[in-house]
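# Secondary and tertiary structure notes
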Amino acid sequence: MQKYTRQAKPADLSRIMSIIQDAKSQLKAAGSSQWQGDYPAEDDIATDIKEGHGFVFINGQEIAGYAAVIVGAEPTYQKIDGAWQNDQAPYATIHRICFSSAYQGEGLAKIFMADLLSLQVAQGIINFRIDTSKYNQPMQAVAKRSGFVYRGIIQVTEDKENPERLAYELNLK
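Predicted, not measured: the structure shown is a model, and the values here were computed from it. (Residues numbered from 1 in each chain as written. Predicted model: local features only at pLDDT ≥ 70, side-chain atom pairs only at ≥ 80, totals over all residues. Heavy atoms only, no water.)

## Quick word on the packing of helix α1 (residues 13–29) against helix α2 (residues 42–50)
- Across the interface, α1 lies against α2 with an axial gap of 10 Å and an inter-helix angle of 130°. As far as their axial angle goes, α2 and α1 are oblique. Like other packed secondary-structure pairs, α1 and α2 cross with a definite hand, here right-handed. On the side of α1, the interface is formed by L13, I16, M17 and I20, while α2 contributes E42, I45, A46 and I49.
- Among the residues making up the contact of α1 with α2, the classes are represented as 7 nonpolar, no polar and 1 charged. (Axes fitted to C-alpha atoms, helices over the stretch in contact; angles between N-to-C directions. Helix = DSSP H or I, 4+ residues; strand = E, 2+ residues; numbered from the N terminus. Parallel < 35°, antiparallel > 145°, perpendicular 65-115°, else oblique. Left-handed = near helix turned anticlockwise from the far one by under 90°. Contact = heavy atoms within 4.5 Å. Nonpolar A, V, L, I, M, F, W, Y, C, P; charged D, E, K, R; others polar.)

## Quick notes on the pattern of salt bridges
- Here the structure, examined in full by the defined rule, presents 5 salt bridges.
- With its nearest N and O atoms 3.7 Å apart, the salt bridge here joins R15 to E62. One end of the pair, R15, is in helix α1; the other, E62, is in strand β3 (residues 62–71), and 47 residues separate them in sequence.
- Each member of the salt-bridge network shares a partner with another, and the members are R129, R151 and E169. (Salt bridge = Lys/Arg side-chain N within 4 Å of Asp/Glu carboxyl O.)

## Focus: the packing of aromatic side chains
- Enumeration over the complete set of coordinates arrives at 6 aromatic pairs.
- Plain terms: the ring middles of Y77 and W84 are 5.2 Å apart, the flat faces sit at 50° to each other, and that makes the pair tilted. As far as burial versus exposure is concerned, Y77 and W84 are alike and both buried.
- Grouped by ring-pair contacts, the aromatic residues F57, F99 and F112 constitute a single cluster.
- Positioned above the aromatic ring of W84 is the side chain of R129, whose terminal nitrogen or guanidinium carbon lies 3.9 Å from the ring centre.
- Positioned above the aromatic ring of Y91, the side-chain terminus of R129 is 3.8 Å from the ring centre. (Phe/Tyr/Trp six-rings, centres within 6.5 Å; stacked < 30°, edge-to-face > 60°. Buried < 20%, exposed > 50% of the residue type's maximum accessible area, 1.4 Å probe, protein only. Lys NZ or Arg CZ within 6 Å of the ring centre and 35° of its normal.)

## A closer look at the sheet that holds strand β7 (residues 149–155)
- Judged by pairing direction, the sheet is mixed, and its 8 strands sit side by side in the order β1-β2-β3-β5-β6-β8-β7-β4 without closing on themselves. Two strands lie at the open edges of the sheet, namely β1 (3–7) and β4 (81–82), each paired on one side alone.
- In terms of strand pairing, strand β6 (residues 127–132) meets strand β8 (residues 164–171) through 6 bridges, oriented antiparallel. Paired with R129 across the bridge in β8 is E169.
- Of the strands in this sheet, β2 (54–59), β3 and β5 (92–99) are in contact with α1, which crosses β3 at around 85°. (Pairing = 2+ DSSP bridges.)

Keep in mind these values describe shape, not function.
Here's what the structure looks like:
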């Protein structure tokens, strides 16, 4: 079965939102307040797609996962309880990464992450950041297996209940 990553298209929006709703349910079941409000909303994903930041992971003929990769300074990363290893070079932030529960446990997130990193490296980006809730064990595992190193705690604005996020960094050079 073919597995690959491609840029998201407007026609993918409905399927992506279904995956996001599924991910919200998974996070809630894990006791996380992450993504339990309006974020990420359909407008967020539509903007990702329009600006070329949205990517989907294809498994066979199905969209199995989604992520946004945004190059440039992330405002929530400006203040960290900890320290970034490289705070000088440009970096890409991986946001909104999620998979349908139908594909959990198949190791596809690791492949997706490798694809996302490779696509950015091909564009000259070699520094990456990602964050997640302390309750999101699967995302923490994917980050660590992909070589990301824990750097500290950042604060997000969309989660009033628990705004702390574990922040990770990957520097390829």
